[in-house]
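Analysis of the macromolecular model
This is what each chain is made of:
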Amino acid sequence: MTEFDVPERHAQLLAYARSLTPPSGWKIEVSGDEIIMTAGPSVIHQRNLLIVREQFDAHRPADLMPSENTGLASPNVGKLRNPDLTYIPVSVVEFGGNDVPAELATIAVEIVSPPNPENDLVGKVRDYPLTHIPLYLLIDPRDGVLVLYSAPSGGVYHQRWSGRFGDRVPIPEPFAFDLATDALIRYPA
């Protein structure tokens, strides 16, 4: 497993967050000195995730596996995030446990939830490049927009592709395909 130089306060907060038992359907994340609890997703959220996942699954390399709501941990920067969908090496099963080192994820896919959009639009745009996740696909059914962040370096993403539902998103290696988004559903107004 990857070794981390974990600041003591981050280690304590992560340990505390892991000791919590959230209500059924809720998940816990940590960003710096903040614990974030989010409610389970709506059926529109789930349907959109299925549309995206089926396409990624069709293009995933054999050594990667999909995972929904896996804890991606980066204790050295005080982060524990649970993307709606990620692809991680099959070999992580050897680690056991519930968390995976964030830098092993090839992508984080998030579908914005109406009750807490800032978590996906601000917090995760800040946190994912810090944890060295190479791709962050943000899908916002509130407005029907998509953003693909890539090329993380120095704690920020340096490339950004934006589009609308109906556009094809150019997903780079290791998947290398154009994600069709015409079947994505917007949240009701």
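Summary of the structure given here. Note that the coordinates shown come from a computational prediction; the quantities given were computed from them, not determined experimentally. (Residues numbered from 1 in each chain as written. Predicted model: local features only at pLDDT ≥ 70, side-chain atom pairs only at ≥ 80, totals over all residues. Heavy atoms only, no water.)

**Describing the overall build of the protein chain**
Note the following rule: Under the scheme used here, helices are H or I runs from DSSP no shorter than 4 residues and strands are E runs no shorter than 2 residues, and both carry numbers assigned from the N terminus. Relative accessibility decides the category of a residue: with a 1.4 Å probe and only protein chains considered, values under 20% of the type maximum give buried, values over 50% give exposed, and everything between is partly exposed. Whether two residues are in contact is decided by their heavy atoms, any of which lying within 4.5 Å being enough. Per-residue and other accessible areas were derived by the Shrake-Rupley procedure at a 1.4 Å probe size, with only the shown protein chains allowed to occlude residues.
A count of helices and strands for the protein chain gives three helices and 13 strands. In the protein chain, buried positions account for 47% of the 189 residues. Taking as baseline every contact in the protein chain between residues at least 6 positions apart, the subset at least 24 positions apart corresponds to 54%. For the protein chain, the exposed surface amounts to about 9100 Å²; the carbon and sulfur share of it is 53%.

**Focus on the pairing of strand E11 (residues 156-164)**
The criterion, for reference: A pair of strands counts as paired when DSSP detects no fewer than two bridges linking them.
Here strand E10 (residues 145-153) runs beside E11; their pairing, made up of eight bridges, is antiparallel. Bridged to serine 150 within E11 is glutamine 159. Where E10 folds back on E11, the antiparallel hairpin that results is connected by two residues, among which glycine 154 adopts a positive phi of roughly 65 degrees.

**Concerning the packing of aromatic side chains**
Quick reminder of the rule: Aromatic pairing here means that ring centres of Phe, Tyr or Trp (its six-membered ring) are within 6.5 Å. Orientation follows from the plane angle: under 30 degrees is stacked, over 60 is edge-to-face, and everything else is tilted.
A complete count under the given rule lists seven aromatic pairs for this structure. Between the aromatic rings of phenylalanine 56 and phenylalanine 177, the centroid separation amounts to 5.1 Å while the plane-to-plane angle is 90 degrees, which identifies the pairing as edge-to-face. Remark: phenylalanine 177 occurs in strand E13 (residues 177-180) and phenylalanine 56 occurs in helix H2 (residues 43-59); sequence separation between them is 121 residues. Judged on exposure class, the residue phenylalanine 56 and its partner phenylalanine 177 are both buried. Arranged with centres 5.8 Å apart and planes meeting at 20 degrees, the rings of tyrosine 136 and tyrosine 149 form a pair that is stacked.

**Looking at unusual backbone geometry**
For the bond from glutamate 173 to proline 174, the omega torsion is 10 degrees, close enough to zero to count as cis. Note that proline 174 resides in the loop between strand E12 (168-171) and E13. In this structure, alanine 151 is a non-glycine residue whose phi angle is positive, near 60 degrees. With respect to the element layout, alanine 151 can be found in strand E10. Overall, the relative accessible area of 31% leaves alanine 151 in the partly exposed class. We note that alanine 176 has phi near 55 degrees; this positive angle belongs to a residue other than glycine.

**Quick word on the sheet that holds strand E9 (residues 135-140)**
Selection rule: Angles here are taken between N-to-C directions and fall from 0 to 180 degrees, while the axes themselves are lines fitted to C-alpha atoms, restricted in helices to the stretch in contact.
Ordered in space as E3-E6-E8-E9-E10-E11, the six strands form an open sheet in which the pairing is mixed. Two strands bound the open sheet, and with one partner strand each, they are strand E3 (64-67) and E11. Here the average twist between neighbouring strands, direction ignored, is 20 degrees. Summarising the sheet, E9 and E10 pair through six bridges and their orientation is antiparallel. Counted as the bridge partner of leucine 138 is valine 147 from E10. Sitting on the sheet, helix H3 (residues 117-130) is in contact with strand E8 (107-111), E9, E10 and E11, with an inclination near 175 degrees to E9.

**Here we look at the nonpolar core**
Our working definition: Nonpolar core, defined: a set of buried Ala, Val, Leu, Ile, Met, Phe, Trp, Tyr and Cys residues in which side-chain atoms within 4.5 Å join the residues together.
With 23 residues, the main nonpolar core has Val52, Phe56, Leu137, Ile139 and Ile171 as its most contacted residues. Residue contributions to this core peak at four residues, all from H2. What leucine 137 contacts, discounting residues up to four positions off in sequence, is Val52, Phe56, Ile107, Ala108, Val109, Glu110, Val147, Leu148, Val169, Ile171 and Leu179. Grouped together as the second largest cluster of nonpolar side chains are 15 residues, Val92, Tyr128, Ile133 and Tyr136 included.

Any functional reading would require information beyond the geometric quantities listed.
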